[in-house]
Structure formats: structure tokens, C-alpha cells
Protein chains: 2
Amino acid sequence: MKQSMMFIPTLREVPSDAEIRSHQFLLRAGFIKQVAAGVYTYLPLAKRVLNNVEGIVREELDAIGGNELLMPALQPKELWDESGRWDVYGSELMRLTDRNNREFALGPTHEEVITHVVRDFLNSYKKLPLTVYQIQTKFRDEARPRFGLMRGREFIMKDAYSFHATQESLDEAYNNFVQAYTNIFTRCGLNFRMVEADSGQIGGSQSAEFMALAEIGEDTIVYSTTGSFAANIEVADLPVGAPSPDGVGVVDHAKGIEVGHVFKLGTKYSEPMNAVFLDENQKKQPIIMGCYGIGVSRVMMAVIEQNNDENGMIWPKSIAPFDVHVVPVDVKKADQLEAAEKIYADLKTAGFDVLLDDRKERAGVKFSDADLIGLPIRVTVGRGIADGLVEVKVRQTGEVAEVAVADLMTFVQEKYETLA
Amino acid sequence: MKQSMMFIPTLREVPSDAEIRSHQFLLRAGFIKQVAAGVYTYLPLAKRVLNNVEGIVREELDAIGGNELLMPALQPKELWDESGRWDVYGSELMRLTDRNNREFALGPTHEEVITHVVRDFLNSYKKLPLTVYQIQTKFRDEARPRFGLMRGREFIMKDAYSFHATQESLDEAYNNFVQAYTNIFTRCGLNFRMVEADSGQIGGSQSAEFMALAEIGEDTIVYSTTGSFAANIEVADLPVGAPSPDGVGVVDHAKGIEVGHVFKLGTKYSEPMNAVFLDENQKKQPIIMGCYGIGVSRVMMAVIEQNNDENGMIWPKSIAPFDVHVVPVDVKKADQLEAAEKIYADLKTAGFDVLLDDRKERAGVKFSDADLIGLPIRVTVGRGIADGLVEVKVRQTGEVAEVAVADLMTFVQEKYETLA
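Residues numbered from 1 in each chain as written. Chains lettered and ligands numbered in written order. Predicted model: local features only at pLDDT ≥ 70, side-chain atom pairs only at ≥ 80, totals over all residues. Heavy atoms only, no water.

J.: Looking at this model, I keep getting lost on the sheet that holds strand β5 (residues 94-97) of chain A. Mind explaining?
T.: Sheet strands associate in pairs through backbone hydrogen bonding, adopting either a parallel or an antiparallel arrangement. Residue and element names in this part refer to chain A. Taken in spatial order, the 3 strands make up an open sheet running β4-β6-β5, and their pairing is antiparallel. Strands at the two margins of the open sheet, each flanked by one partner only, are β4 (74-76) and β5. In this sheet, neighbouring strand axes are inclined to one another by 40° on average, regardless of whether the strands run parallel or antiparallel. Relative to strand β6 (residues 103-106), β5 is paired through 4 bridges, and the arrangement is antiparallel. (Pairing = 2+ DSSP bridges. Helix = DSSP H or I, 4+ residues; strand = E, 2+ residues; numbered from the N terminus. Axes fitted to C-alpha atoms, helices over the stretch in contact; angles between N-to-C directions.)

And the structure:
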């Protein structure tokens, strides 16, 4: 795509209300724009990243038998009365009335709706198990929206629900989700840990959080430096240096951002909402449920928090908004612009997503914007083009090479292969 | 995908509150489920169709330089005060207050938000024109939600906005959108007309609607039976048989469902919202705007309304939820199930989206469900498999052929090519 036709409103100044790096860079690089406290527009570069994350989520969840569907944001009070949550949810639940004074919630989560949607159909053990998911907008009226996309009031979530006749079937789905989530976060380029979460409140259920490690995280993780143990400090409040509960090594602490959560719900919603099936003995049983969430917009933020330097973002190639940035230094020089346009076309033919900076801006502005946006590979077309040479810069390593135009496609393809 | 793992809650009975065919079939074939009046869950088959429609929309809008972004549903009252619409919009606008008693609208459209988002950036004629779009959920508190997805309170829309320094630039974008919309609706398999819409109210602006022809349409189209003239009856109230205004033939009437709308907004929002740019003479001018909508969920409904028979839906292949339905008649017969699974795998390898009906249901149930869902091609694996034969049925034509398994891939590929 040509940059002159794209909406990338980069800023020179660090916005004063942005306290953390990822928020600052999202604003400075023209990825998001605030509409109200905790409410954002995702600008074109962010939308491309979100589309990439969503694509990875779909692939991994389809692979474990997930059915994609789409539920509404408007949820009638009646369903929340059935589950008993209308009266207990508190002021995080955004509520409104329609023109006939019927009450609705703006969904912060969809357990009630999905239980309503499936309960007539899942009337026999023969129709179980079933796994569904959606990528959809959620609403939570946070008391203190902050850190940009980290704690917003309107955000994008992938939520999934599974339905089972037996505990073993739930266990299997839960394990499948743990594997799918591990794949998703790995593919998105996150450094994360799966940690035990608070599982005691609802008898017999199990819960784990996926934490992206980051200094700005709001949770503290207790983990074994040499073993596989990891838990939220709310579950295992052990001091640094204590023996690890799994018997391997000692524990250390780290801060984490919750990007995913898997949870064995059991019959918490199916019992009050009368979602029952007939078992093999024709006996009515409440459906056993699991639920599984990923903060899609928060994943984008966590990746930036983990991958940046003083100049801007550094995208892993799996979710980068474009693969390659082609930057003619001076578009008023015909040889530079023509060469850049040819390289742009050739890279697209080779299957890359390419951004061509065809703007009439100074070289300094173009280079600093390019570093800020942080695409994996930059091809700079400057004066060297007179000798058939361009410059290739790798954002992840900072490596810079002068390459003959004749060798460029092979060079970029080989270099791109080696990147994370 | 295996049907036993999919959520397709087909119904035997026609729901009594569904008055029109497309609504009846959407309910009966397990495509949608009502959550509240005018508020629906899109079940997996519908979500697949929506994903296909959205893919076509993205391709055509990217081709005319559109930037995809994503705006929030929550819109602060302040922005609507700026445009003056808060007080005039009426009870269709869903309103709520947050925990701090700040007022918000749930966006029925996004002129205010997009003007807010771009106005700081588009400060010079050098940055114009710009075209952005989103595929997003809209809210309108219809007095009388009805006809399923036709007039809902929460629905999926593609809305686009263009920004210009000159009227000529707006005219060019408008014409590009007319062409893109023509491509989109054609590719979705719709029989439609572009008609002149009410363009008199705002001086100098121009507006056209894209109408899918259908008996249940709420609008009446006046068109020339032999010429190219077509208009909404509100614009050209001519009786049947009158001479056509374009001088070619006489007019007839037809009913239509509005699926798209293109509109030259002019400075209706930029003037009150102070969205100005500096022209070549460094003089401040209000940005000239266009807006362009497509009812994505309504397109799905209009396609069904135009493509069905007494047995169910008949999908054009461009947006069908799957390409091929493989139906083993009796999965308890090992030879049928094994052959069907092999055909399923081979078709997937050949690049088809395939649904395998591996359910332990009676043949009658499976056939009537298959007709109801209406995938382009059905491969039935029955007793003939003992002689290496399967049956291929083409939903659009009703054609049935017995085909040797050895020839099946070639047969399906060639047959699929010929379909709309």
C-alpha cells in the first residue's frame, strides 16, 4: 500500500497522559486514537495487526474443533436474572434501557447468552461435546481505565465456551485449549507463562492464566527459575528464594499481563439457567461447561511492551502490519521513486505485504516514522540507486546491509526467513 | 468440517413469528437465533457467510484505496453535540450513561467519530484525499424490528468515509464507490439496481441506493423496462406505463431491499465540527466528505430472499458457508462412512470447503437438512458405493448425476466451475 493514501497520523511528541511505552508508541505511531476514556479507535496499522492476531486465533481454534459464531453486545436483563448476575455484577456492567424501557446490559462476557443459544439444542448426550467461539467487542465500565489498550472500557476479546456430558470430556477440551493458547501466544511472538490461577472458589474447578511477562504487568507471578512451576501470587504467596513447590529449584517473582484465561466453569450457569441434557439413562443432567478468553486488543499491546526500543515498535513478522517498508529517500528524484516503485511491485509479487513511503517528506521524518512503526525489514532507496544499490535494515537486529538491486529479492526472502 | 461437531440447530417447524421466507429459512436452517427483539446471534453457518461477504467487501474497497480501521460503538455525547445530532436524532439512538454519569450513544453510524479521528491530521490539502472504512456493529432502536435481519436493532454494517479538498475529488471517490459496490453486490450473487435517491435536501449533494429486487422490499423502485433509468419512487413518482425520464421506454415498478447507499455529504459534518484544511493559498476550508454504507448482515438476508425454493436456501458459491456437502446415507455402514471420509479429505485437498454429515440420523433428516442449508454441491454416498458409485446433486439446478468415485474430483471441479 502507498503510504500517501494511508491514514497513519504519527506524532512527534510523547502524549503526556501515556505512562507506559506501548501506550506511548501506539499513540505516536498512529495506531490508535482515543475517543473517550478507555475507548479507542483502532487506526489502519492497528487494524492490520488485529486482523493478523485474529487469523492466528481462528486457525488454532478451528484446529481443535471450534465453531465460530457471533453473539450480540445487547443482552436482555432477563438472561442475567436467570444466572443471578444482574444484581451482583456491580458498576462495571454497562446498562441501558430501550425505547420500551426494557433493560439491557452491554456484554462484558457471554456465558448467559451462549447458554441461552445452545440450551434447546443440546438436549442429548449424543449432541455433546460442542465448542464455540467468537471474536467480538466487550464492554466493561472500568473504574480507572488506563494504560491504553490494557484496561479499556470497550475492547476486543475472543471468548469461547465448551459443553460436555462428562468431566473427562471437559478435561479434554480444557487441555486442547491450553495447547491452542500456547500455540497462539507463541505464534504472536509473546514471552509468556501459563500460571495456576485462583481455583478454590468454585469447588472442583480449575483455572489457569496466560501471562505475558512485562514490567508494567498488574499481576505478580511466582515461578520456579529452573522447573516448570508457575502460579499467580494470589494462589502461591511464596517469597523470592523459597523452594519451588514442584521440588525443582527456587522461586522468583515476575510481573505479568493477563492475555488469556482458561476456566472449568462446571455447572455454574447451566444449573440456574436450566441447560440440561438427557444422559444415556434418559436422566436429566446439567451440562458441564468450560470458558476460555483471550484479550485480542491486549495481545497487541503486550507484544509492543515486550518488543520495542527507544525508537519505536519492533514487530514479530507473524503479526506485523506489513512485512517490508520501502522508503525512497527523496521522491522528487525520479530514479529513486521509479526504483522504489519497481521494488514495491516485485516484493508484492513475491507475496510480501509492502508499505511504500511515497510521501514528500524529509528523509529524517521518513526514517523516524519507519523506526517508530517497526516493520521487520526496511529497504531504503537513496543516492546509491545510481550504482544499483539499496540499503536493507532489519528492525529486530539493527543489522544494515548494502545490497545490489539485482540480488534484493533473494536477500529479502532469505533474511525474512531467519526472523522471529 | 464434521457436522457432528458443528452447531447447526435445524428446526422442523416454521417459526410462527417469521413472516418472510429468508427469515424462516435462517431460523429453520440454524443460521440465527434471536436473543431479543431485533437482536440476533449469528450461528456458525451464518458466520461463515458473513466472513465471505466481508472478504469480498475488503477486496473491493482495498482496490479503490480504502483503509480499514475500527471505531468504537461507545460514542460520547460531546461529539454529537458538536454535529448537532444529539438533540435531533430521536428515539432510534440508544443512549446510556457511564458510572460517572457521562452520556454516550451506541453508534448507529460514525460520521462524528471519524470526523473527530481525522480532523487533527488532515490539516493540509497535501494530505487529501483519504478513504477509510470499517466493518462494525451498529445499533438502532427500531420502533418495529422485523423480518429478521432486515430491520434489526443490532446489525453489521460496512461504513466508509472519504475526505477531499475539492468537489472533483469527491466526485471521483463517489464514482469509485459506485463501481466497487456494483462489483461487491454482483460477486455476492444479488440481483440489484442502483437507483437515484433523495438528493434534494442538502444542496448540491448526490445520493444513490443499491436495491436488491425482492417482493418483500420496503421501497418501491421506478425503472425503465428497456433503458438504464432507475429511481426510488420518492424521487420519481411515476405510474407504471409512463414514459421513462431518460427517454427510453416506459417505466415499471419493483420492490427493493436497500443493501447499500452512497452519499456526497459535502461539509455537513466538517463545518460544525471544525474539520478544516489549509488549501494551496493557505486558506482554511472545510473538508468535503462522502459516506458509503453496506448492510452486511442484510446482504446475507437479501441473497436468501432471492435464492431459495420450497426446500430451503440456494447459495451462490461466492458466499456459501461451504462449497460441498458430503452425505453418507448411513454412517453405521462402514463402507459408506469410509468412502465419505476419503471423499471429504480429497475434496479438502483439492481446495474445497467441505461439510461432512457424519451424524447418526435417518437419511430423510439428512437430505432435508442438506436442502435447507443449500450448499452448491452435494455428494451422497449410499448403497451404490458397493459398485464404486456416488450421487452428485447440484442445488442451483436440481440436476442429479451418478458418478464413479474414480471420476468424482474432476466431475465436481468441472461442475463447480459452471455454477453462479
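That shown, we press on.
J.: Looking at this structure, how should I read the interface of chain A and chain B?
T.: Quoted interface sizes are often the accessible area lost when the parts come together. Residue-level contacts link 54 residues of chain A with 55 residues of chain B. Between chain A and chain B the total buried area reaches about 4800 Å² when both faces are included, carbon and sulfur atoms providing 63% of it. It is Phe7, Leu70 and Arg99 of chain A in chain A that bury the most area against chain B; as a group they hold 15% of the surface buried on that side. Summed over the shared surface of chain A and chain B, the number is 22 residue pairs in polar contact (both at pLDDT 80 or more). Broken down by class, the residue content of the side of chain A that touches chain B amounts to 33 nonpolar, 8 polar and 13 charged. (Contact = heavy atoms within 4.5 Å. Buried area = accessible area lost by both parts, 1.4 Å probe. Polar contact = N/O pair within 3.5 Å; in protein donor to acceptor, adjacent residues only side chain to side chain. Nonpolar A, V, L, I, M, F, W, Y, C, P; charged D, E, K, R; others polar.)

J.: What's the story with the environment of arginine 144 of chain B in this structure? I'm lost.
T.: All names here are of chain B. Its location among the elements puts arginine 144 in the loop between β7 (130-139) and β8 (154-164). Relative accessible area serves as the criterion here: at 51%, arginine 144 is assigned to the exposed category. As a C-alpha pair, arginine 144 and arginine 28 span 116 residues in sequence and 22 Å in three-dimensional space. (Buried < 20%, exposed > 50% of the residue type's maximum accessible area, 1.4 Å probe, protein only.)

J.: Looking at this structure, I do not really get the nonpolar core. What am I missing?
T.: The nonpolar side chains of a soluble globular protein tend to be buried with one another. Core analysis: the largest hydrophobic core is formed by 78 residues, its most contacted members being Leu106 and Phe163 of chain A together with Leu106 and Phe163 of chain B. Leaving out residues up to four positions away in the same chain, phenylalanine 163 of chain A has contacts with Ile114, Val118, Leu122, Leu128, Pro129, Leu130, Val132, Ile287, Ile288 and Met289 of chain A. (Core = buried A, V, L, I, M, F, W, Y, C linked by side-chain atoms within 4.5 Å.)

J.: Looking at this structure, I do not really get the environment of asparagine 100 of chain A. What am I missing?
T.: Position of asparagine 100 of chain A relative to the elements: it lies in the loop between β5 and β6. Asparagine 100 of chain A sits in the exposed class, given a relative accessible area of 55%.

J.: Please clarify how the packing of aromatic side chains should be interpreted in this entry.
T.: Here the distance between the centres and the angle between the planes together describe a pair of aromatic rings. Residues and elements named next belong to chain A. In total, this model carries 22 aromatic pairs over all chains according to the counting rule given. Considering the side-chain rings of phenylalanine 185 and phenylalanine 210, the 5.6 Å spacing of their centres and the 40° angle between planes classify their relative orientation as tilted. Note that phenylalanine 185 is positioned in helix α5 (residues 167-187) and phenylalanine 210 in strand β10 (residues 207-213), a separation of 25 residues in sequence. Judged by its relative accessible area of 0%, phenylalanine 185 falls in the buried class. (Phe/Tyr/Trp six-rings, centres within 6.5 Å; stacked < 30°, edge-to-face > 60°.)

J.: Please clarify how the relation of the copies chain A and chain B should be interpreted in this entry.
T.: One copy of the chain maps onto the second through a rotation around an axis plus a translation along that axis. Mapping chain A onto chain B calls for a screw motion: a turn of 180° about the axis and a shift of 0.0 Å along it, with 0.0 Å RMSD after fitting. Accordingly, the operation relating the two chain copies is best matched by a two-fold axis. Ranked by how close their C-alpha atoms come to the rotation axis, the residues of chain A are headed by leucine 96 of chain A, at 2.7 Å. A symmetric contact is evident, with 100% of the interface residues of chain A recurring at the interface of chain B. (Least-squares fit on C-alpha atoms with pLDDT ≥ 70 in both.)

J.: Hey, could you run me through the pairing of strand β19 (residues 324-328) of chain B in this one?
T.: Put simply, side chains in a regular strand alternate between the two faces of the sheet. All names here are of chain B. Burial runs high along β19: 5 of the 5 residues are buried. Across the two faces of β19 the burial is the same, with Val324, Val326 and Pro328 and His325 and Val327 all buried. Across 3 bridges, the pairing between β19 and strand β20 (residues 354-356) is parallel. In the strand pairing of β20, histidine 325 is matched with leucine 355. As for the winding sense of the linkage, the β-α-β connection from β19 through helix α7 (residues 334-349) to β20 is right-handed. (Right-handed = clockwise from strand over helix to strand, strands pointing away.)

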